[in-house]
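Residue-level listing of the chains:
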Amino acid sequence: MSSSADRHGAIAQTVRESGRASVQELVELTGASEMTIRRDLDALAAQGVLERVRGGARTLLLRGEEPPFALRAHESLDAKRRIAAEVSSLIADGETVLLDSGTTCLEVAHLLRRRPVTVMPLSLQAIHVLGENPGPAKLMVPGGRPRAAEGALTGPLTLASLAALRFDTAVMGCCGLSAAQGLTAYDLDDAAVKKAGIAATRRIVVAADGSKLGHTAYAYVGPSTLLHTLVTDTAAPADEVTALEDTGTVVKTV
């Protein structure tokens, strides 16, 4: 694997799916040296992605628990960037955009920074992207309290910010989406913010890689019929895509 980001993504996914992995297994997976793999594991452990154990690593996650932001940022990065490019193309110059938290929406922030649009991001990471190297985009910052590693803004001040405004488009992320169970999140406070964002917006565009489709987290946001457009990738289950289209959602696969 050519880059450390590719290796980190592959290691994190393997440990998450298998529960644990040895240094030797990861050497065979990546083609890197033992010394490199040990350094990778130390770096991922420092980010809270996994736990170092003798001879390898094991997952920190319980079933149904949200993977850490640092882990998700490495996963499906090419797909997230393709999704972000398609989402950006759906937004016209001059629009007022609500940008949800999450790793796919963070990729959208990098593209919207160069566009003449007004953006209110719902995470510290996206605020940083839009504010660090100001471009044509106008940045609006909501109130709220950031969730620890996630940086997602939640709480009464965030809800008040959303209630005071109206947006042309909301770009929403999700933890799970299905035609039967609708849009879901892992965190109840995050679900409340998503509901408030949907209520304040004319058009809902969901940006979600294929792994989110057919999956259900426990905090309900709303039915899939609220969604105008879903932008996903080719890993999305075909039956779920068809079911969402049948409920009236436009699905764009990149």
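Since we're looking at a predicted model, the values are computed, not measured.

S.K.: So what's going on with the overall build of the protein? Which residues, and what values?
M.R.: The secondary structure content of the protein amounts to ten helices and 15 strands. Taking 2.2 N^0.38 as the reference for a compact globule, 254 residues should give roughly 18 Å; the C-alpha atoms of the protein span a radius of gyration of 19 Å, in line with that estimate. In terms of its C-alpha atoms, the protein occupies a principal-axis envelope of roughly 55 × 40 × 30 Å. Here the protein, with 254 residues, has 50% of them falling under the buried criterion.

S.K.: Help me get a handle on helix H7 (residues 124-132), residues and values and all.
M.R.: The set of residues buried in H7 consists of Ala126, Ile127, Val129 and Leu130. For H7, the angular spread of buried residues about the axis comes to 160 degrees, placing them on one side. Of the surrounding secondary structure, the elements contacted by the buried residues of H7 are strand S4 (96-99), helix H6 (103-112), strand S5 (118-121), strand S6 (138-139) and strand S8 (153-154).

S.K.: Talk me through the sheet that holds strand S2 (residues 50-53); I want residue IDs and the actual numbers.
M.R.: Strand order in the open sheet formed by three strands is S1-S3-S2, and the pairing between neighbours is antiparallel. The sheet is open, and its two borders are formed by strand S1 (20-22) and S2, each paired with just one other strand. On average, adjacent strands in this sheet sit at an angle of 20 degrees to one another, irrespective of strand direction. Relative to strand S3 (residues 56-59), S2 runs antiparallel, the two sharing four bridges. Within S3, the residue paired with valine 53 across the bridge is glycine 56. Lying on the sheet, helix H2 (residues 23-30) is in contact with S1 and S3; it crosses S1 at an angle near 80 degrees.

S.K.: Please set out the packing of helix H1 (residues 4-18) against helix H3 (residues 34-46) residue by residue, giving values where relevant.
M.R.: Viewed as axis vectors pointing N to C, H1 and H3 meet at an angle of 70 degrees, and their least axial separation amounts to 10 Å. It follows from the interaxial angle that H1 and H3 lie roughly perpendicular. Mapping the contact onto sequence places Arg7, His8 and Ile11 in H1 and Thr36, Ile37, Asp40, Leu41, Ala43 and Leu44 in H3. Its residues assigned to classes, the contact of H1 with H3 shows five nonpolar, two polar and two charged.

S.K.: Run through the pattern of salt bridges, naming residues and quoting values.
M.R.: The full count for this structure, using the stated rule, is twelve salt bridges. The shortest N-O distance in the salt bridge between lysine 194 and aspartate 190 comes to 3.0 Å. Here the residue lysine 194 and the residue aspartate 190 both occupy positions in helix H9 (residues 188-199), the gap between them amounting to four residues, near one helical turn. A relative accessible area of 3% places lysine 194 in the buried class. A relative accessible area of 5% places aspartate 190 in the buried class. Here the salt bridges do not stand alone but share partners, grouping Asp100, Asp190 and Lys194 into one network.

Definitions and cut-offs
- Residues numbered from 1 in each chain as written.
- Predicted model: local features only at pLDDT ≥ 70, side-chain atom pairs only at ≥ 80, totals over all residues.
- Heavy atoms only, no water.
- Helix = DSSP H or I, 4+ residues; strand = E, 2+ residues; numbered from the N terminus.
- Rg over C-alpha atoms; globule rule 2.2 N^0.38 Å.
- Buried < 20%, exposed > 50% of the residue type's maximum accessible area, 1.4 Å probe, protein only.
- Arc of directions from axis to C-beta.
- Contact = heavy atoms within 4.5 Å.
- Pairing = 2+ DSSP bridges.
- Axes fitted to C-alpha atoms, helices over the stretch in contact; angles between N-to-C directions.
- Parallel < 35°, antiparallel > 145°, perpendicular 65-115°, else oblique.
- Nonpolar A, V, L, I, M, F, W, Y, C, P; charged D, E, K, R; others polar.
- Salt bridge = Lys/Arg side-chain N within 4 Å of Asp/Glu carboxyl O.

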